[in-house]
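Residue strings, one per chain:
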Amino acid sequence: MKKALKIVLVVVASLMTLFVLLVGYLALGRGNDLILQHVLIDRMEKIYKNDYEAVDEQAFADFDLGTTDLRFNEIQMLATHNSYKKKGSDLGKLLIGLGDSFEMADALKYGYHDFTTQMQSGIRSMEWDIRLRRGRFELTHVPLVDARSTAPVMEKALKEIKLFSDANPGHLPIVILIEVKTDWMILDPFLEEIDGDDLEDLNQMFADVLGEILWTPSDMTEEGMTLMETVTTNGWPLIRDMLGKVVVVLHPSSFTNPYVDLDPTLATLSMFPGVYQEQRDQPYAAFIVHNDPDVAIISGLVDEGFIVRTRIDEDLFFDSLRYENALMSKAQILSSDYTVGRSDLEAKEMIDLGSGHTVIQRD
C-alpha cells in the first residue's frame, strides 16, 4: 500500500512539474511580446520624427479623396479580424485541441502584422479583443494557450494608432471594434472581472491617448435628437470631414448597458455602443454587428442609415459566395482573415475589395 501511494505521489508531482513548465513556456511568449511592443513604439516615434514620408492614402481608395461627396456610411472598408493576434505555438494548439477540439485549434493557425504595418498597407478597420489583467487592459485571444499578441498592452496599442494618425493626418477614418472578453478566465489567474469603474477607466483611456483625433458619439449626434435618430434622418458626415479621425465601437455584449449607463446622454462616451439588429431601436444605435452576410437583412439596415459590420469568412474557411454576399449586402465594415494585414499569407491568398483597394465606394 505504501509503495502504491508513493507511486501515486510521484506521478502527481511529475504532472504538477510538467504543468508548471508548460505554463512557464507559454508565458515566455507573452513576455517577449511585451518587449517587442515597447521596441516598436520607440522605433516608430523615432521614424516619425525624422524624414518620414506619409503613406499615399489615395492608393487605398477607389474614389477621389480630394473631391468626394461620399458620406461615412457610403463606403466599404476591408477590416482585419482579431487584428492583434500572433500565430501561437504548436504546444498551445495541442492544448486547445485536447481541451476543445482540433478543428478549433486548426482555426487559430493565423497571425497578423503589427498595427503600424497594417495601416501602412491600407487597413482602416480592426477588431481588438480586450481583457483586464492585473488592473491593466490587454489585447489577447485565448488566455495562455493562444495569447500571443502584437500589442499586448492596450494603452500602448492606442499610442501606436495615435502616432500613425499624427504622422498621416489625411488618412481615411480608422474604425476599431472593441470586444470585451470574459471567456476562459480560468486559464489565467491574473485575469479580473470588469465592473463599472473599469469601464469608466477604459472610456477615459481612449480620450486621454487619442485626444482630438477621436471621433465620438457626441460629435455625431444632432441637438435635440438621439444618436439613432441622427443617423436614420440626418445621416452621417462627409468622408472629407472625417479624414484623420479614429472611431471606436463597443461590440454588443453584456457590457453595453453598463457602459451606456456611465452617461445615457452619450455626451462623455468615447465609444459608440454597438448593437445587434433587433436592438436597432435603441437611442444609441448607430453601428450594428451582423456577422452573417445576409444580403436582405444587412441591405435593409444600411438603407435605414446604420453602419453594419459583417464577416466575409470565419474559422479560416473562405467561400467565394460568402465574399460576394458580403459585398452585395452593402455592409460598410467587411471583416476577414484573408487580408494584407496577415503576416503568414502569400500575396496570392489575400483578398481585396477590387483592384487592390481596401476602401471602396459602396454601390
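What comes next is a walk through the structure. (Residues numbered from 1 in each chain as written. Predicted model: local features only at pLDDT ≥ 70, side-chain atom pairs only at ≥ 80, totals over all residues. Heavy atoms only, no water.)

**Comments concerning the overall build of the protein chain**
Basically, it comes down to this: A run of H or I in DSSP becomes a helix once it reaches four residues, and a run of E becomes a strand once it reaches two; helices and strands are each numbered from the N terminus. Under the scheme applied here, a residue whose accessible area is under 20% of the maximum for its type counts as buried, over 50% as exposed, and between as partly exposed, the area being computed with a 1.4 Å probe on protein chains only. Any two residues having at least one pair of non-hydrogen atoms within 4.5 Å are treated as being in contact. Using a 1.4 Å probe, accessible areas were evaluated by the Shrake-Rupley method; residue-level cover was limited to the displayed protein chains.
Secondary structure assignment for the protein chain yields 11 helices and 11 strands. Burial status across the protein chain gives 52% buried among its 363 residues. Within the protein chain, counting contacts between residues at least 6 apart in sequence, those at least 24 apart form 75% of the total. Looking at the protein chain as shown, the accessible area adds up to about 16,700 Å², and 54% of this sits on carbon and sulfur atoms.

**Looking at a negative patch on the surface**
As a reminder of what qualifies: A residue counts toward a patch only above 30% relative accessible area and without a salt bridge, and it is joined to like-charged neighbours within 9 Å or, for Val, Leu, Ile, Met, Phe, Trp and Tyr, to nonpolar neighbours within 5 Å. Every case where a carboxyl oxygen of Asp or Glu lies within 4 Å of a side-chain nitrogen of Lys or Arg is listed as a salt bridge. Only four residue types enter the tally: Lys and Arg on the positive side, Asp and Glu on the negative side; His and the chain ends are excluded. The location of each charge is read from NZ of Lys, CZ of Arg, CG of Asp or CD of Glu.
Taken together, the side chains of Asp 195, Asp 197, Glu 200 and Asp 201 present a region of like negative charge at the surface. In this fold, Asp 197 is placed in helix H6 (residues 196-210).

**Notes on the pattern of salt bridges**
Per the stated rule, a full pass over the model turns up 18 salt bridges. With a closest N to O distance of 2.6 Å, Lys 162 and Asp 166 form a salt bridge. Of this pair, Lys 162 and Asp 166 both sit in helix H5 (residues 154-167), separated by 4 residues, roughly a single helical turn. Classification of Asp 166 as partly exposed rests on a relative accessible area of 44%. Across the salt bridge formed by Glu 314 and Arg 322, the nearest N and O atoms sit 3.5 Å from each other. Look at the salt bridges and you will find they share partners, linking Arg 30, Arg 136 and Glu 138 into a network.

**Remarks on the side chain of Lys 86**
Rules: Any pair of nitrogen or oxygen atoms within 3.5 Å is treated as a polar contact; in protein, a donor-acceptor pairing is required on top of that, and neighbouring residues in sequence qualify only through side-chain atoms on both sides.
In this structure, Lys 86 sits in the loop between strand E1 (75-80) and helix H2 (90-99). On the basis of relative accessible area, Lys 86 is assigned to the buried category, the value being 18%. Among the polar contacts made by the side chain of Lys 86, one reaches the side chain of Asp 33 at a distance of 2.8 Å. Apart from residues no more than four positions distant in its own chain, Lys 86 is found in contact with Asp 33, Leu 36, Tyr 110, Gly 111, Asp 146, Arg 148, Ser 149 and Thr 150.

**Details of the sheet that holds strand E10 (residues 333-336)**
Paired through their backbone hydrogen bonds, the strands of a sheet run either parallel or antiparallel. Operational definition: Strand pairing is assigned whenever DSSP identifies at least 2 bridges connecting the two strands. In this analysis an axis means a line fitted to C-alpha atoms, helices contributing only their contacting stretch, and an angle means the value between N-to-C directions, from 0 to 180 degrees.
Taking strand neighbours across the sheet as the criterion, the 5 strands line up as E8-E9-E10-E1-E11 in an open arrangement whose pairing is mixed. A single partner strand is all that each edge strand has here, and the edge strands are strand E8 (287-289) and strand E11 (359-361). With strand direction ignored, the average angle separating the axes of adjacent strands in the sheet is 20°.

**A look at the pairing of E1**
Most of E1 is tucked away, with 6 of its 6 residues classed as buried. Residues of E1 alternate between two faces, with Ile 75, Met 77 and Ala 79 on one and Gln 76, Leu 78 and Thr 80 on the opposite face, all of them buried. Where E1 and E11 come together, 3 bridges link them in antiparallel fashion. Of the residues in E11, the one forming a bridge with Ile 75 is Gln 361. Sheet topology note: the E1/E10 ladder contains 4 bridges and is parallel. Directly across from Thr 80, in E10, lies its bridge partner Ser 336.

**Points about helix H8 (residues 227-234)**
Note the following rule: Comment: arc refers to directions from the helix axis out to C-beta atoms.
Along H8, the residues classified as buried are Leu 227, Met 228, Thr 230 and Val 231. For H8, the angular spread of the buried residues around the axis is 165°, confining them to a single face. Contact partners of the buried residues in H8: helix H7 (217-220), strand E7 (272-273) and helix H10 (295-304). Looking one or two residues past H8, Gly 235 carries a phi angle of roughly 85°, positive in sign.

**Section: the nonpolar core**
Nonpolar side chains tend to gather and get buried jointly when the protein is soluble and globular. So the rule is basically this: Residues belong to one nonpolar core when they are buried, are Ala, Val, Leu, Ile, Met, Phe, Trp, Tyr or Cys, and are joined through side-chain atoms within 4.5 Å.
One finds Phe 115, Trp 128, Met 154, Ile 178, Phe 206 and Phe 287 to be the most contacted residues of the largest nonpolar core, which totals 92 residues. Take this core: its biggest share by element is 7 residues, from H5. Not counting residues within four places of it along the chain, the set of residues in contact with Met 154 comprises Trp 128, Ile 130, Phe 137, Glu 138, Leu 139, Ile 178, Leu 202, Met 205 and Phe 206.

**A few points about the packing of aromatic side chains**
What counts, and what does not: Aromatic pairs are defined between Phe, Tyr and Trp rings, using the six-membered ring for Trp, whenever the two ring centres lie within 6.5 Å; interplanar angles under 30 degrees are classed as stacked, those over 60 as edge-to-face, and all others as tilted. Lysine NZ or arginine CZ positioned within 6 Å of the ring centre and within 35 degrees of the ring normal marks a charge as sitting over the ring.
If you walk through the whole model with that rule in mind, you get 11 aromatic pairs. Note on Trp 215 and Phe 272: the rings are 5.5 Å apart at their centroids and 20° apart in plane angle, and the pair reads as stacked. Here the residue Trp 215 occupies a position in strand E5 (residues 214-215), and Phe 272 occupies one in strand E7, the gap between them amounting to 57 residues. Each member of the pair Trp 215 and Phe 272 is classed as buried. An aromatic cluster of three or more residues is present, and its members are Phe 72, Trp 215, Trp 236, Phe 272 and Phe 287. Taking NZ or CZ as reference, Lys 85 lies 4.5 Å from the ring centre of Tyr 110, over its face.

**Some thoughts on H5**
Side chains that are three or four residues apart share a direction in an α-helix, a result of its 3.6 residues per turn. Cut-off, in case you're wondering: Here the expected span of a helix is defined as 1.5 Å times the quantity of residues minus one.
With 14 residues, H5 extends 20 Å between its outermost C-alpha atoms, agreeing within 8% with the 20 Å of an ideal straight helix rising 1.5 Å per residue. Among all positions in H5, only Met 154, Ala 157, Leu 158, Glu 160, Ile 161, Leu 163, Phe 164, Ser 165 and Ala 167 are buried.

**Thoughts on the environment of Asp 292**
Along the chain, the position of Asp 292 falls in the loop between E8 and H10. As for Asp 292 and Asn 325, which are separated by 33 residues in sequence, their C-alpha atoms are 9.5 Å apart. When neighbours within four sequence positions are excluded, Asp 292 is seen to be in contact with Ile 298, Thr 310 and Arg 322.

**Points about unusual backbone geometry**
Among all residues save glycine, negative phi is the norm, and among peptide bonds the norm is trans. Backbone geometry places Leu 316, a non-glycine residue, at a positive phi of 60°. The topology assignment puts Leu 316 in the loop between strand E9 (307-311) and helix H11 (320-328). Phi is positive for Lys 330, which is not a glycine, with a value near 75°. Looking at the element boundaries, Lys 330 is found in the loop between H11 and E10.

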